[in-house]
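Summary of structural features
Residues per chain are reported as follows:
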Amino acid sequence: MSHVYWIGGGSGAAKSTIARRLIETHEAILFDTDVAMRDHADRCNPVRCPCLTEFMTMNMDERWVRRTPKSMLDSFHWFEGEGFEFIIEDLLALPQNKPIIAEGFRLLPRLVAPLLEDRTRATWLLPTSDFRRIAFDARASTWDIPSRTSDPEKALANLLSRDALFTERLQADIKSLRLHSIIVDGSLSEDQLLKVVNAHLFGEVGPV
């Protein structure tokens, strides 16, 4: 897996944007783990993915309104690493004569770390709560899930709190595993963030 470069992190941290720009610069292959979620869910079964199985039995209020953000965090299948083996299978099936940039929130530090021969091949982008909300609003996706519940305001608050807790968990895991991360708070422009990520992953500090 030495040809794979990993960009993980919280939702709304510009992972996809940075990854797409990097594949152009380095003539790399992009593996978007978000795009693969539906296929990976189809490949799951109750034994391999018990959290996903339970999640699929819930209605929208049970998922996003009637539980606490902490409960949502602790039981969300992708946050628990379910289906990560399918990410590995898919990466191994791709051509190995080009760099591959894998990106997405499912790239949990504790799962990626054992695969790294060189720890400079991975970074995590960690959005602040304010930046995450701005990013969601800019995408016009803020209300996509909450609007499908009986209490959109509470659902949104729960979702944002859950995502903030997830980012905190990532930060703690990254620190304990001595991995690399970048706080995304809007202080860096997109071009500046791209240069920081490029410098870490590819050892290049020049223009990209």
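In case you missed it, the structure is sitting above this.
Anyway, here's the lowdown on the structure attached to this text. Starting from 1, residues in each chain are numbered consecutively following that chain's sequence as written. pLDDT decides what is reported in this predicted model: residues at 70 or higher carry local features, side-chain atom pairs at 80 or more are listed and counted, and totals for whole chains, interfaces and linings draw on all residues regardless. No hydrogens and no water enter the side-chain calculation; it runs on all heavy atoms of the structure.

Pairing between two strands is assigned when DSSP locates at least 2 bridges connecting them. Under the scheme used here, helices are H or I runs from DSSP no shorter than 4 residues and strands are E runs no shorter than 2 residues, and both carry numbers assigned from the N terminus. A sheet is described by the order of its strands in space; here five strands give the open sequence 2-3-1-4-5, paired in parallel fashion. Unpaired on one side and paired on the other, strand 2 (29–32) and strand 5 (181–184) mark the two borders of the sheet. Direction aside, the axes of adjacent strands within the sheet are offset by 20 degrees on average. Of the pairings in the sheet, the one linking strand 1 (residues 4–9) to strand 3 (residues 100–103) comprises four bridges and is parallel in character. Opposite Val 4, over in strand 3, you have Ile 100 as the bridge partner. Against the sheet, helix 10 (residues 190–202) engages strand 1, strand 3, strand 4 (122–127) and strand 5, with an angle of about 155 degrees to strand 4. To define axes, lines are fitted to C-alpha atoms, for helices over the stretch in contact only, and angles between the resulting N-to-C directions are given on a 0 to 180 degree scale. In what follows, a contact means two residues having at least one pair of non-hydrogen atoms within 4.5 Å.

This part is about the nonpolar core. Nonpolar cores are built from buried Ala, Val, Leu, Ile, Met, Phe, Trp, Tyr and Cys residues. Side-chain atoms within 4.5 Å join them into one set. Buried, partly exposed and exposed residues are distinguished by accessible area as a fraction of the type maximum, computed with a 1.4 Å probe on protein chains only: under 20%, between the cut-offs, and over 50%, respectively. By size, the foremost hydrophobic cluster in this structure holds 35 residues, and its most contacted members are Trp 6, Trp 64, Leu 91 and Val 112. At the level of secondary structure, the elements contributing two or more residues to this core comprise strand 1, strand 2, helix 4 (60–64), helix 5 (69–75), helix 6 (84–93), strand 3, strand 4 and helix 9 (152–177). The greatest single-element share of this core, amounting to five residues, is contributed by helix 9. Setting aside its immediate chain neighbours within four residues, Trp 6 contacts Met 1, Ile 88, Leu 91, Ala 102, Leu 107, Val 112, Leu 115, Leu 116, Arg 121, Ala 122, Thr 123 and Leu 201. By size, the runner-up hydrophobic cluster in this structure holds 17 residues, among which are Ile 18, Leu 125, Ile 182 and Phe 202.

Note on disulfides: each one is a pair of cysteine sulfur atoms within 2.5 Å. Applying the stated criterion to the full structure yields one disulfide. Linked covalently through their sulfurs, Cys 44 and Cys 49 form a disulfide whose S-S length is 2.2 Å. For the disulfide bridge between Cys 44 and Cys 49, the dihedral angle about the S-S bond is near -55 degrees, and by the sign convention the bridge is left-handed. Its relative accessible area of 15% is what places Cys 44 among the buried residues. Unpaired in terms of disulfides, Cys 51 finds its nearest cysteine sulfur in Cys 49, a separation of 8.9 Å.

This part is about the packing of aromatic side chains. The aromatic pairing rule takes the rings of Phe, Tyr and Trp, using the six-membered ring of Trp, and pairs them if the centres are within 6.5 Å, calling planes under 30 degrees apart stacked, those over 60 edge-to-face and the rest tilted. Here the structure, examined in full by the defined rule, presents seven aromatic pairs. When the ring of Phe 55 is compared with that of Trp 64, the centres are 5.8 Å apart and the planes differ by 70 degrees; the resulting orientation is edge-to-face. Both residues of the pair, Phe 55 and Trp 64, belong to the buried class. Aromatic side chains Phe 55 and Phe 76 sit 5.7 Å apart centroid to centroid with 75 degrees between the ring planes, which places their arrangement in the edge-to-face category. Taken as a pair, Phe 55 in helix 3 (residues 50–57) and Phe 76 in the loop between helix 5 and helix 6 lie far apart in primary sequence, 21 residues in all. There is no split in this pair, since Phe 55 and Phe 76 are both buried. Through successive ring pairs, a cluster of aromatic residues spans Phe 55, Trp 64, Phe 76, Phe 79, Phe 105 and Phe 166. Here, a charge over a ring means that NZ of Lys or CZ of Arg falls within 6 Å of the ring centre while also lying within 35 degrees of the ring normal. Directly above the aromatic system of Phe 55 lies the positively charged group of Arg 63, at a separation of 4.1 Å from the ring centroid.

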